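Listed below are the residues making up each chain.
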Amino acid sequence: MNECLSRLLQRRSVPPRWLGEPGPSDQEVENLLKIASRVPDHGKLVPWRFILIQGEGRRRLGDVLAAAFQADNPGADAEKVAVERERFTQAPLVIAVVSRVVPHVKIPDWEQVLSAGAVCMNLLTGATALGYGASWLSGWAAFDRRVLDALGLKPEERVAGFVHIGTAKEVPADRDRPDFADIVTRF
């Protein structure tokens, strides 16, 4: 079995707090975006786009989260606000995958949303193939209009996921996987 297939068979989500430097190089990020873009896209609508959150951008986004969280939770202690401020600073790279449904007479919205989900999965697969740890998350920030506005999303756009990528400092234990007898039928 080749190394890439072996990595994919062992893929698991690595929490952002366990991801650190080094992150992907510029060339690796470009390759990840190419891999992510190679998903089913009926009608060639490209119903998704990327926002790269790196370097100081992670801290700026953290400030937005902290302010929104504090506004919604005025009694929150400093430690809870700090958790929100640091949410996007743990992994060296976070890629926000933005889903944007393009009205089309033949291509249903659902297929376009699934295409954005496939983009997220391809990012995880690509990061794993390159030897990085990664995690696909959403959380409250993916649905908060203040955060979405700060990221430049249009009203009709949504975050399909935040994909955190970096070098795994720890790898979580594997979780139980479904038994094929429970999930596979033949027709």
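Each remark here, short or long, concerns the structure printed above.
Attention in this report is confined to the structure presented alongside it.

Criteria and cut-off values
Residues numbered from 1 in each chain as written. Predicted model: local features only at pLDDT ≥ 70, side-chain atom pairs only at ≥ 80, totals over all residues. Heavy atoms only, no water. Patch = residues over 30% accessible without salt bridge, like charges linked within 9 Å, V, L, I, M, F, W, Y side chains within 5 Å. Areas by Shrake-Rupley, 256 points an atom, 1.4 Å probe, with all protein chains shown as cover. Salt bridge = Lys/Arg side-chain N within 4 Å of Asp/Glu carboxyl O. Helix = DSSP H or I, 4+ residues; strand = E, 2+ residues; numbered from the N terminus. Buried < 20%, exposed > 50% of the residue type's maximum accessible area, 1.4 Å probe, protein only. Expected span 1.5 Å × (residues − 1). Arc of directions from axis to C-beta. Axes fitted to C-alpha atoms, helices over the stretch in contact; angles between N-to-C directions. Left-handed = near helix turned anticlockwise from the far one by under 90°. Contact = heavy atoms within 4.5 Å. Nonpolar A, V, L, I, M, F, W, Y, C, P; charged D, E, K, R; others polar.

What follows deals with a nonpolar patch on the surface. Nonpolar side chains collect at one region of the surface, where Met-1, Leu-5, Leu-8 and Leu-9 lie side by side and expose about 440 Å² of accessible area between them. Structurally, Leu-9 is set in helix α1 (residues 3-9). Under the relative-accessibility criterion, Leu-9 is labelled exposed at 60%.

Here the focus is the environment of Pro-178. Structurally, the position occupied by Pro-178 is in the loop between β5 (158-168) and α7 (180-183). For Pro-178, a relative accessible area of 47% corresponds to the partly exposed category. Sequence separation between Pro-178 and Phe-162 is 16 residues; the distance between their C-alpha atoms is 25 Å.

End to end, helix α2 (residues 26-37) covers 17 Å across 12 residues, agreeing with the expected 16 Å (1.5 Å per residue, within 8%). All buried positions along α2 are accounted for by Val-29, Leu-32, Leu-33 and Ala-36. The buried side chains of α2 occupy one side of the element, clustering within an arc of 95° when seen end-on.

A few words now on the packing of helix α3 (residues 56-72) against helix α4 (residues 78-86). Two numbers describe how α3 lies on α4: the axes approach to 7 Å, and their chain directions differ by 145°. Handedness of the crossing formed by α3 with α4: right-handed. Of α4, the residues touching α3 (which contributes Arg-59, Gly-62, Asp-63, Leu-65, Ala-66, Phe-69 and Gln-70) are Lys-80, Val-81, Glu-84, Arg-85 and Glu-86. Of the residues in the contact of α3 with α4, the class split is 4 nonpolar, 2 polar and 6 charged.

Treat this as a map of the structure, not an account of what it does.
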